[in-house]
Amino acid sequence: MITQLIKDGENQYIEFKTSFQKEVISSVVAFANAKGGKILIGVSDSGDILGIDVNKESLQNWLNQIKLSTSPSIIPDIEIESVDDKNIAVIDVKEYPIKPISYKNRYYLRKANSNHLMSMEEIADEYLKTKNSSWDYYVDTMQNFSDISLEKVNKFIQKIEKNFNKTFDENPMQILQKYGLVREDKITFGAYLLFVKDFCLISGVQAGRFKTQTDIIDSISLNTDILTEVDELIIFIRKHLMVEYIITGNPQREERYDYPLDAIREVVLNMIVHRDYRSSSDSIIKIFDDKIEFYNSGALYDNLTVEQLLSNNYESKTRNKLIALMFKECGLIEKYGSGISRIKRLCKEHNIAEPKFEEISNGFKVTLYKQKISNVGINVGINVGINVGINELKEFIETNQPLRVSAIKEHFHQVTTRTIERWIKQLKEQGHIEFRGSKKTGGYYAKTK
């Protein structure tokens, strides 16, 4: 077993050390604050088995150092394993139930194959998770009842009554207390975000319609309650979508937007519900000719990776438990953890390219693409002669000239670079396009006939 662990190399659960030193204790803390792991002492970073000279007294000294240097104190298991006639000490660290653990007043967390010094937000999150709570449940000491709107509270209650087809017997204050929105006769952060009366500094969202990366033709800036922000953002995005009218057998014609409205609504809801409101950065939405980008600052919650998110094989946890619960009570979200798969399914049903989910610049970005999968995806590699893909490239250059290859690749992100180069070559040979300018600043233009 140890041999296989060494062969697999360092990862989120395995660390190699040549000897016992202070960095070992940092790793112990990092594993305890994450999902646990093993530290193999006597193995180099490259996986070479060096071995160590160790006895029972040495092991006891190591345990004492770990115990005295960590808070709360950790006492891991240590065993000696023999590999190729060399001794290796295996420190087995379990995930600690009470977090976070510190080493000399520093908090570490295991991420991938390295130890990460935790930020104040991450430390607070671990503490709240230990208490099975979240930031939005806590009293907002900077705000009071004069800062929230009773009208918005009543509209919120009406939404819950409509969703559950019931009528509350309690008055508004009692209902807020029942849901934990008011505690100790004071409003919580969650209540402030849901019902803020006027300008809200921490809920800022910027949305814009971009003609290029820097040319904005329309924009909206919101700093209000988060329920209103959801409605306003969807209205703004919808205003900038293309729509076609399909004649069916029904008396009314059918509207079809270039993006599925339900997918846009799902992304916006996820942005608002899962955002880290302790961050000083606003959320950002950028609408381009061929895509829509949604960006939230702050990493995915609870060390969740994009790979786990896309696999749909993870335990759903939320950064803002109270806000998520209130959105669910209002009927705005149906099931925790189903948003990503729903967005992907809706895009597929709408016959557009698969959306992209990525962590970028210490934040999370979702990109919806306008590109139809039937035009390119099905034809790529099937008929490289006169096909829909080449015609679409020709039309794309005519509409957006001049275009550099990088912009073409970004637009046709599902197509291989080799195929794009083949298309460009064929269009040039047919006399449809030409390259003008220098290699650094020039681009492709459509030839005028």
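Residues numbered from 1 in each chain as written. Predicted model: local features only at pLDDT ≥ 70, side-chain atom pairs only at ≥ 80, totals over all residues. Heavy atoms only, no water.

Caption draft 1: Region of the structure containing the pattern of salt bridges. In the structure shown here, the tally under the stated rule is 23 salt bridges. Here Lys 155 ties to Glu 151 by a salt bridge, and the two come within 3.6 Å at their closest N and O atoms. A residue pair is termed a helical-turn pair when its members lie 3 or 4 positions apart in one helix, as Lys 155 and Glu 151 do in helix H5 (residues 150-164) at four residues. Two residues, Asp 276 and Arg 278, come together in a salt bridge whose shortest N-O distance is 3.1 Å. (Salt bridge = Lys/Arg side-chain N within 4 Å of Asp/Glu carboxyl O. Helix = DSSP H or I, 4+ residues; strand = E, 2+ residues; numbered from the N terminus.)

Caption draft 2: Representation of the side chain of Asp 125. Residue placement: Asp 125 occurs in helix H4 (residues 120-130). Only 2.7 Å separates the side chain of Asp 125 from the side chain of Arg 278, close enough to count as a polar contact. Sequence-distant contacts of Asp 125, that is, excluding residues within four places in its chain, are made with Arg 278, Tyr 301 and Arg 319. (Polar contact = N/O pair within 3.5 Å; in protein donor to acceptor, adjacent residues only side chain to side chain. Contact = heavy atoms within 4.5 Å.)

Caption draft 3: Here's a closer look at the packing of aromatic side chains. All told, the structure shown has five aromatic pairs when counted by the stated rule. Seen from their ring centres, Phe 156 and Phe 195 are 5.1 Å apart, and the 65° between their planes marks the pair as edge-to-face. With Phe 156 in helix H5 and Phe 195 in helix H7 (residues 189-195), the pair connects residues that are 39 residues apart, well separated along the chain. Assessed through its relative accessible area of 1%, Phe 156 is described here as buried. By relative accessible area, Phe 195 is classed as buried at 0%. Centre to centre, the rings of Phe 435 and Tyr 444 are 5.1 Å apart; their planes meet at 80°, and the pair counts as edge-to-face. With a relative accessible area of 34%, Phe 435 lands in the partly exposed category. What makes Tyr 444 buried here is its relative accessible area of 9%. The positively charged end of Lys 291 is found above the aromatic ring belonging to Phe 288, 5.5 Å away from the centroid. (Phe/Tyr/Trp six-rings, centres within 6.5 Å; stacked < 30°, edge-to-face > 60°. Buried < 20%, exposed > 50% of the residue type's maximum accessible area, 1.4 Å probe, protein only. Lys NZ or Arg CZ within 6 Å of the ring centre and 35° of its normal.)

Caption draft 4: Structural view of the environment of Glu 229. Position of Glu 229 relative to the elements: it lies in helix H8 (residues 226-239). Sequence-wise, Glu 229 and Leu 269 are 40 residues apart; in three dimensions their C-alpha atoms are separated by 9.6 Å. Once residues within four sequence positions are removed from consideration, Glu 229 is found in contact with Ser 203, Val 205, Leu 222, Asn 223, Thr 224 and Ile 272.

Caption draft 5: Inspection of the packing of helix H9 (residues 261-274) against helix H11 (residues 321-329) at higher detail. At a closest axis distance of 9 Å, the pairing of H9 and H11 adopts a crossing angle of 140°. As judged from the angle between their axes, H9 and H11 are oblique. Judged by residue contacts, Leu 269, Ile 272 and Val 273 of H9 engage Ile 323, Ala 324 and Phe 327 from H11. A breakdown of the residues in the contact of H9 with H11 according to their chemical character gives six nonpolar, no polar and no charged. (Axes fitted to C-alpha atoms, helices over the stretch in contact; angles between N-to-C directions. Parallel < 35°, antiparallel > 145°, perpendicular 65-115°, else oblique. Nonpolar A, V, L, I, M, F, W, Y, C, P; charged D, E, K, R; others polar.)

Caption draft 6: View of the packing of H8 against H9. Where H8 contacts H9, the two axes come as close as 10 Å, and the packing angle between them is 145°. The handedness of the crossing between H8 and H9 is right-handed. Facing Ile 226, Glu 229, Val 230, Leu 233, Ile 234, Ile 237 and Arg 238 of H8, the residues of H9 in contact are Leu 261, Ile 264, Arg 265, Val 268, Leu 269 and Ile 272. Tallied by class, residues from the contact of H8 with H9 come to 10 nonpolar, no polar and three charged. (Left-handed = near helix turned anticlockwise from the far one by under 90°.)

Just geometry here; none of it tells us what the structure is for.
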